[in-house]
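Spelled out, the chains give:
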Amino acid sequence: MIFPKLVTWDVWKRSGHAKGVYPEIYYVCPPKTRDPKFWEEVADYYKVTLEVPIDKIASKIDKPIGGLCYAQCPPFWPFLQGETLPDDGFPLLVFDRSGTSHRYESGGIHGMERVDEFHRIELVFMGTQEQVLAHSEEMQKKYMHIFNDILDLEWRMAWVTPWFMAQEGLTGLADKGSIGTIDYEAVMPYKDEWLEFQNLSVNGDKYPKGFNVKSQSNQELWSGCSGIGLERWASAFYAQKGPDPDNWPDAFNKIVGKLPDGIKFL
């Protein structure tokens, strides 16, 4: 699927992000009007000075209707909101790699590890509690195969409470094997630190309840998600293997093949 990249307030209220996401989102504000005359002084100012009049623009835009995608999966859920799904449709598995997520890092950006705009593949799964936990275990095996047998990374797993659960006072639910997040961390040899480069979450009934999604037999629905941050994968891989393909694992090179020539600069 293609998930929306503009997330409105009604989505964040239902997903729980509205309880504390404000310092880190990029807000989206529409113009107060499309009338060219209303914007004439802005255009004229630029024509004369060749500078964009930021203050004038600020006075002509309306209140924010939401923000750019912060976490990839919440804007997916309105697709199911208020719907009843047949039991034979579970587990529901959804894959999205259509674009970027955006987080205001307030000076914390550096290299590829932490950027304001990053590319993420998002995997969302929903079903009974048993189905969701079983799918999480299967995904853990797949990640282990990729990180060990293909990328040949030095990595570890950490069980953590998702930030949105901590915000809502749900830390007591984050018991290992049930509701919570697995962070995958890779060692960064050049600074002797560990980088969180992958996650896998079981979110319990949070999203099905928040968006009023039901099953045909009215059994409790759970969901989970996993965000694959491509810049984080690249950071971990380059830090451990370097930029020279000759030093990359054979299994990885076999999949990638010969890389095209990059852009050259004088």
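To keep things clear, this report deals only with the structure shown in the data block. Here the structure is a predicted model, which means the values were calculated and not measured.

Here we look at the pairing of strand 7 (residues 117-127)
Part 1: Counting buried positions along strand 7 gives nine out of 11 residues, so the element sits mostly inside the fold.
Part 2: Direction of pairing for strand 5 (residues 92-96) relative to strand 7: antiparallel, over a ladder of five bridges. Note that in strand 7 the partner of Asp96 across the bridge is Glu122.
Part 3: Taken together, the three bridges between strand 6 (residues 100-102) and strand 7 define a ladder with antiparallel strand orientation. Considered in strand 7, the bridge of Thr100 is made with His119.
Part 4: Bridge count between strand 7 and strand 12 (residues 222-229): eight bridges; the pairing is antiparallel.

Here's the deal with the nonpolar core
Part 1: Ranked by size, the top nonpolar core spans 26 residues in total, and within it Tyr143, Phe147, Leu151, Leu153, Tyr184, Phe197 and Trp233 carry the most contacts.
Part 2: Looking at this core, the elements that each hand over two or more residues are strand 7, helix 4 (129-150), strand 9 (180-188), strand 10 (193-204), strand 12 and helix 7 (230-241).
Part 3: It is helix 4 that provides the largest number of residues to this core, a total of six residues.
Part 4: If we skip the residues at most four places from it in the chain, Leu151 touches Ile146, Trp233, Phe237, Lys241, Pro249 and Phe252.
Part 5: Counting residues in hydrophobic clusters, the runner-up holds 24 residues, among them Phe76, Tyr207, Val213 and Cys225.

With respect to the packing of aromatic side chains
Part 1: Applying the stated criterion across every chain, the model contains 22 aromatic pairs.
Part 2: Ring geometry for Tyr26 and Tyr104: centres 5.9 Å apart, planes at 85°, overall edge-to-face. With Tyr26 in the loop between helix 1 (9-15) and strand 2 (27-28) and Tyr104 in the loop between strand 6 and strand 7, this residue pair connects regions lying 78 residues apart in the sequence.
Part 3: On the accessibility criterion, Tyr26 (28% relative accessible area) is partly exposed.
Part 4: Measuring from centroid to centroid gives 5.6 Å for Trp248 and Phe252, while their planes differ by 70°, and the two rings are edge-to-face. Take Trp248 and Phe252: they sit in the same class, and that class is buried.
Part 5: One aromatic cluster in this structure is built from Tyr143, Phe147, Trp155, Tyr184, Phe197 and Trp233.
Part 6: For the cation-ring pair, Lys206 lies above Tyr207, with the distance from its terminal atom to the ring centre recorded as 5.6 Å.

Details of unusual backbone geometry
Part 1: Residue Pro91 follows Phe90 across a cis peptide bond; omega there is 0°.
Part 2: At Leu50, a position not held by glycine, the phi torsion is positive, near 60°.
Part 3: For Leu50, the position within the fold is in the loop between helix 2 (40-49) and helix 3 (54-58).
Part 4: Backbone geometry at Asn218 places phi at a positive 65°, although glycine is not the residue there.
Part 5: Judged by relative accessible area, Asn218 falls into the exposed class, the value being 59%.

Things to note about helix 7
Part 1: Helix length check: helix 7 (12 residues) gives 16 Å between terminal C-alpha atoms against 16 Å at 1.5 Å per residue, within 8%.
Part 2: Of the surrounding secondary structure, the elements contacted by the buried residues of helix 7 are strand 7, helix 4, strand 9, strand 10, strand 12 and helix 8 (250-256).
Part 3: Positive phi appears at Gly242, one or two residues downstream of helix 7, with a value of about 80°.

Things to note about the sheet that holds strand 2
Part 1: On the basis of which strands lie adjacent, the open sheet formed by three strands has the order 1-3-2 and antiparallel pairing. The sheet is open, and its two edges are formed by strand 1 (6-8) and strand 2, each paired on a single side.
Part 2: Examined bridge by bridge, strand 1 and strand 3 (residues 66-68) share three bridges and lie antiparallel to one another. Of the residues in strand 3, the one forming a bridge with Val7 is Gly67.

Looking at the pattern of salt bridges
Part 1: Counted by the stated rule, this structure contains 10 salt bridges.
Part 2: The partner of Glu105 in a salt bridge is Arg114, and the shortest N-O contact between them spans 3.4 Å.
Part 3: Residues Asp205 and Lys209 are paired through a salt bridge, measuring 3.3 Å at the closest nitrogen-oxygen approach.
Part 4: We classify Asp205 as partly exposed; its relative accessible area is 21%.

Parameters at a glance
Residues numbered from 1 in each chain as written. Predicted model: local features only at pLDDT ≥ 70, side-chain atom pairs only at ≥ 80, totals over all residues. Heavy atoms only, no water. Buried < 20%, exposed > 50% of the residue type's maximum accessible area, 1.4 Å probe, protein only. Helix = DSSP H or I, 4+ residues; strand = E, 2+ residues; numbered from the N terminus. Pairing = 2+ DSSP bridges. Core = buried A, V, L, I, M, F, W, Y, C linked by side-chain atoms within 4.5 Å. Contact = heavy atoms within 4.5 Å. Phe/Tyr/Trp six-rings, centres within 6.5 Å; stacked < 30°, edge-to-face > 60°. Lys NZ or Arg CZ within 6 Å of the ring centre and 35° of its normal. Expected span 1.5 Å × (residues − 1). Salt bridge = Lys/Arg side-chain N within 4 Å of Asp/Glu carboxyl O.

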